[in-house]
Structures are given as structure tokens and as C-alpha cells.
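Tertiary structure, described
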Amino acid sequence: MSHVLLHKENHIGYITLNRPEVYNCFSYQSLVELERIVEDLENDREVRVVIITGAGEKAFSTGADLKERKTMTEQEVRKTVKKIRRVFHKVSTLPQPTIAAVNGYAFGGGFELMLACDFRIGAEESTIGLTELTWAIIPGAGGTQRLPRLIGEAKAKELILTAEKIDAKKAFDYGIFTKIVPREQMMDECVQYANKMLTLGPIALQQAKFAISRGMDVDIHTGLEIEFKAYEQTIPTKDRIEALKAFSEKRKPQFTGE
């Protein structure tokens, strides 16, 4: 049975972490499969938004497979940490907007995976935390870098240095969750969120994400240059002309991603 599943429908790619019997924790094989799926989506022009979730109702992901980790040599641990960091970086740089549908526990690497996504919609029943320090390690898949950028240094230190587990309400208040809903409504909410983006120009959507993401790590002048170059990518597109025609004809535009 595959550890990670991919389903494509109506321009949405659904990635499901598929190990519910172990709270969707990441084995090395899981990372291999997830990386292959993400690489497939990178160049898929039909998929315009990606939703990532966990199988079952208990967990998004509780992070590393500790039973597997216990059997590893130090060299194998280093290899695995490099792998998970590389895979999550690929998730973070997907051209499509990404939504983490957090349906339950999200600890350690599970928390870090949702941080690699653009949006995080959480079930009201979910509990999350960067709990690595309880295992005498630190977050190694981007948690120490992405969380402070999202919620600020002080709050990030509070969560990481205490390994605190927080509920969905606190995660929303901290700015980690974009929105929280009852679990039974969560996937519908994610699809509705995706559908808002699917009404927009696909190339413009990706270029806007690119400009924001790349601009966050540079000074304002460099960021403005990134924005200008991203804007230039939209000028020769058929979708831009279609939007103008639709406006003059008082109808909704029919974008094709060209």
C-alpha cells in the first residue's frame, strides 16, 4: 500500500499521507513517495491548487516514524533529516498555492509540513506542536525558520523551546491557522478556498505566489524587481487578453492558463 496518495480533480491536486494506523508519521519510504508526487505536480499545468491532508480522523501527521528512527545509525539519521528537509522545501516552492488540511494531530515533522504550505485550515479538534525537543533533537525540516517568519520570533521561541502542544483556537490566534472549522466541514472548506483561487488567472496566481515568496527574503528594492519580472510574465498571456474581453462583454472570464 502506498504511504502517500495523489488524486487530481477539477484542477486540484489532493495529496494524502496514508499511514493512519501510525498517525501518518513519516517513514523514509513516505518521504520518497511524497517527493516523487511533489516533483510530478511541479510541472503539471492542469493542477492549479494543491491540498495536503492526512488519512483518517486522528492525525494530519505526528512527524518522524520513531520506531524506524530507533533502528537507524547516525549516518542514516542524517540522510533522513536531509531528505525531509529537501522534500518539504520542494513543497514550499511548488508553483501552485498549497493548503494544509490539518484534520487532527500535527506534531514535529507534521507541523513542519503544514508550515511549508501557503495556507493552513485546521479542524477545531486538532492539536499541534513542534515537539522535537522532548526527544532531545530540534526541528530539522524548516520549523526553526518558517515559524518565526510566520508568527514572529518571540512566539516561535515560546512554542519551540517549551515543546508546547496547542489547540486549534490558540493556533488560529497565533496566526498559524488561516481558519478553523469543525472536522466534518474541513475538506469542504479547503475546496471552497481552492475554488476562489481557481477563478483567477492561473499564470498570474503562480507569479503572485512567486513574487511574495521570493520577495520575503530580500530587501524591498530587490523585491520590487522580483515583482516587476513576475508581472512581465503575465503580459503576453492569452488569459490577460481574455480578462479584458470578458470585462467589456460583461461576462466571467474563461482562463486556460495560457
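It should be noted that the structure appears before, not after, this text.
Residues numbered from 1 in each chain as written. Predicted model: local features only at pLDDT ≥ 70, side-chain atom pairs only at ≥ 80, totals over all residues. Heavy atoms only, no water.

Overview of the packing of helix α9 (residues 202–215) against helix α10 (residues 220–234)
What counts here: Interaxial angles span 0 to 180 degrees and are taken between N-to-C directions of axes, which are lines fitted to C-alpha atoms, for helices over the stretch in contact. The numbering of helices and of strands both runs from the N terminus, where a helix is a DSSP run of H or I of at least 4 residues and a strand a run of E of at least 2. Orientation is classified from the angle alone, with under 35 degrees giving roughly parallel, over 145 giving roughly antiparallel, 65 to 115 giving roughly perpendicular, and any other angle giving oblique. We call two residues in contact when some of their heavy atoms are within 4.5 Å.
It is the contact of α9 with α10, at a shortest axis distance of 9 Å, that shows an interaxial angle of 170°. When the interaxial angle is binned, α9 and α10 end up roughly antiparallel. Seen from α9, the contacting residues are Ile203, Ala204, Gln207, Phe210, Ala211, Arg214 and Gly215; seen from α10, they are Gly223, Ile226, Glu227, Ala230, Gln233 and Thr234.

Section: the sheet that holds strand β1 (residues 4–9)
Put simply, the test is: Note on pairing: two strands pair once DSSP finds at least 2 bridges between them.
Read across the sheet, 6 strands follow the order β1-β2-β3-β5-β7-β10 without closing on themselves; strand pairing throughout is mixed. Only two strands of the sheet have a single partner each, and these edge strands are β1 and β10 (179–181). The mean angle between the axes of side-by-side strands here comes to 20°, regardless of whether they run parallel or antiparallel. Where strand β3 (residues 49–54) lies against strand β5 (residues 98–102), 4 bridges are found, and the strand directions are parallel. Paired with Ile52 across the strands is Ala100, a residue of β5. Strand contacts of helix α1 (residues 28–42): β1, β2 (12–17) and β3, with the helix running at about 20° to β1, the strand carrying the most contacts.

Points about the packing of aromatic side chains
What counts is decided by this rule: Side-chain rings of Phe, Tyr and Trp, where Trp is taken by its six-membered ring, are said to pair if the distance between their centres is within 6.5 Å; with planes under 30 degrees apart they count as stacked, over 60 as edge-to-face, and otherwise as tilted. Partly exposed residues are those whose accessible area sits between 20% and 50% of the maximum for their type, while under 20% is buried and over 50% is exposed, using a 1.4 Å probe and protein chains only.
Within this structure, the stated rule accounts for 4 aromatic pairs. Between Tyr105 and Phe107 the ring centres are 5.5 Å apart and the planes differ by 25°, which places this aromatic pair in the stacked class. On the basis of relative accessibility, which here comes to 11%, the residue Phe107 falls in the buried class. Taking 5.1 Å as the distance between ring centres and 65° as the angle between the ring planes, the aromatic pair formed by Phe119 and Tyr193 counts as edge-to-face. Here Phe119, found in strand β7 (residues 119–123), pairs with Tyr193, found in helix α8 (residues 183–198); they are 74 residues apart in sequence, far enough to count as distant. Joined through ring pairs, the aromatic side chains of Tyr23, Tyr105 and Phe107 make up one cluster.

What to know about α1
Short version of the rule: Here the expected length of a helix is defined as 1.5 Å per residue gap, with one fewer gap than residues.
The end-to-end C-alpha distance of α1, which contains 15 residues, comes to 21 Å, matching closely the 21 Å that a straight helix rising 1.5 Å per residue would cover. Every buried residue of α1 is accounted for by Ser30, Leu31, Glu33, Leu34, Glu35, Ile37, Val38 and Leu41. In this structure, the buried side of α1 is in contact with β1, β2, β3 and α3 (74–92).

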